[in-house]
Structures are given as C-alpha cells and as structure tokens.
Amino acid sequence: MTAPAACPATGVEYLAEVHGGAAASSVFLGGVIAPTRRLALRWLHHQAHRLADALDPDPHTTHLPPHALRPTPRTTEHAPTQLRFWAADSDYTEEATDRLATGHPYRFTARQGPAWYQLTARPLLIPQTPSGRPRDGGGRTATPPPRRQP
C-alpha cells in the first residue's frame, strides 16, 4: 500500500462522518466534505454536541412536553458525557489535527451499553491529471479562469 503522502495529488479535502449503531447494525447519521482539517473537526464538534443533546437533553428545555424525560441511573459508560468531553478537550482536537496533517484518518467512538456513536475524519486526495490541472466536481479537468488585461 502506498503511504498517503506519496500519492500524487494537487490538494487535500477532508471527509467527516458520523455513524451510530449497536451490535451488528450501523446507521449513517451525517457527513460533510470540508476544504480544511480544522473545518472538518469543527463540524465534528458540532455533531458531538448535537448527538449529546439529543441523547441527554436538558430537562428544563421548554420545547418538551411535561414529564417527557425521566431520570435514569448513570453508568460508567455515558455516551453524551463522552461526546461533550471530546468536543471540549483541546488535547483530542490537537491529536486529530496531527493525525489528519500526516495523512491518516482519525476516529473517536463513544459507547453506552450496546450502542456506539462514531465521529471520523479522513483526508481525501484530489488526484492530479496528466495536464497537472485539478479535476472539477464532475471529473473533468478544471479550466482556469481567463486572465483579465489591465
């Protein structure tokens, strides 16, 4: 297998995805292609908060009907807490940034009982064409815009 840095490419974008599941099932919860690793991680941080708030909403939220939430015993594994901690911890962000900068994927998994929630990011190399120009979104060689004469 060729190392990520050895592949001929004109640039890099980053694919960030969120999956959830339990046992043998998996569900795609969302994804984005970001132009920079920092934007990909920012999107993942937002998704971590979104998932945590959906799994463990604030009981004082006004848009919930009365008695819709019931307290449950806390276990050692609490996915919403893990997701919130990951999103707030700068060491995790630095680790993810370093891995992506070296061309490697990054993955964080929060677990609670049989359920799991996974945040991933990986670099996508933009292939180089024989002409040296990057390809546009349709796989065609991108044509540079005409130069303006002063």
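Refer to the preceding data block for the structure.
Quick caveat: nothing in here was measured; it's all calculated off a predicted structure. (Residues numbered from 1 in each chain as written. Predicted model: local features only at pLDDT ≥ 70, side-chain atom pairs only at ≥ 80, totals over all residues. Heavy atoms only, no water.)

Asker: Honestly, the overall build of the protein in this entry has me stumped. Any pointers?
Answerer: Broken down by element type, the protein carries 3 helices and 4 strands. Beginning at the N terminus, the succession of helices and strands in the protein can be written as β-β-α-α-α-β-β. Here the protein, with 150 residues, has 27% of them falling under the buried criterion. Partitioning the contacts of the protein with sequence separation of at least 6, the portion at a separation of at least 24 is 57%. For the protein, the exposed surface amounts to about 10400 Å²; the carbon and sulfur share of it is 55%. (Helix = DSSP H or I, 4+ residues; strand = E, 2+ residues; numbered from the N terminus. Buried < 20%, exposed > 50% of the residue type's maximum accessible area, 1.4 Å probe, protein only. Contact = heavy atoms within 4.5 Å. Areas by Shrake-Rupley, 256 points an atom, 1.4 Å probe, with all protein chains shown as cover.)

Asker: Help me understand unusual backbone geometry in this model?
Answerer: Note on backbone geometry: most residues besides glycine have negative phi, and most peptide bonds are trans. At A23, a position not held by glycine, the phi torsion is positive, near 50°. Within the secondary structure, A23 sits in the loop between β1 (9–22) and β2 (25–34). Residue A23 is classed as exposed on the basis of its relative accessible area of 74%.

Asker: Just to check I follow, could you spell out the nonpolar core for this structure?
Answerer: Nonpolar side chains in soluble globular proteins tend to end up buried together. Ranked by internal contacts, the top residues of the largest apolar core, which has 23 residues, are L44, A48, L83, W86, F108 and L119. Of all elements in the fold, only β1, α1 (37–55), α2 (79–88), α3 (90–101), β3 (106–112) and β4 (115–127) reach the threshold of two or more residues within this core. When residues in this core are grouped by element, the largest group, 6 residues, is from α1. In contact with L119, other than residues within four places in its own chain, are E17, V18, L44, A48, L83, W86, Y106, R107 and F108. (Core = buried A, V, L, I, M, F, W, Y, C linked by side-chain atoms within 4.5 Å.)

These results come straight from atomic positions and should not be treated as a statement about function.
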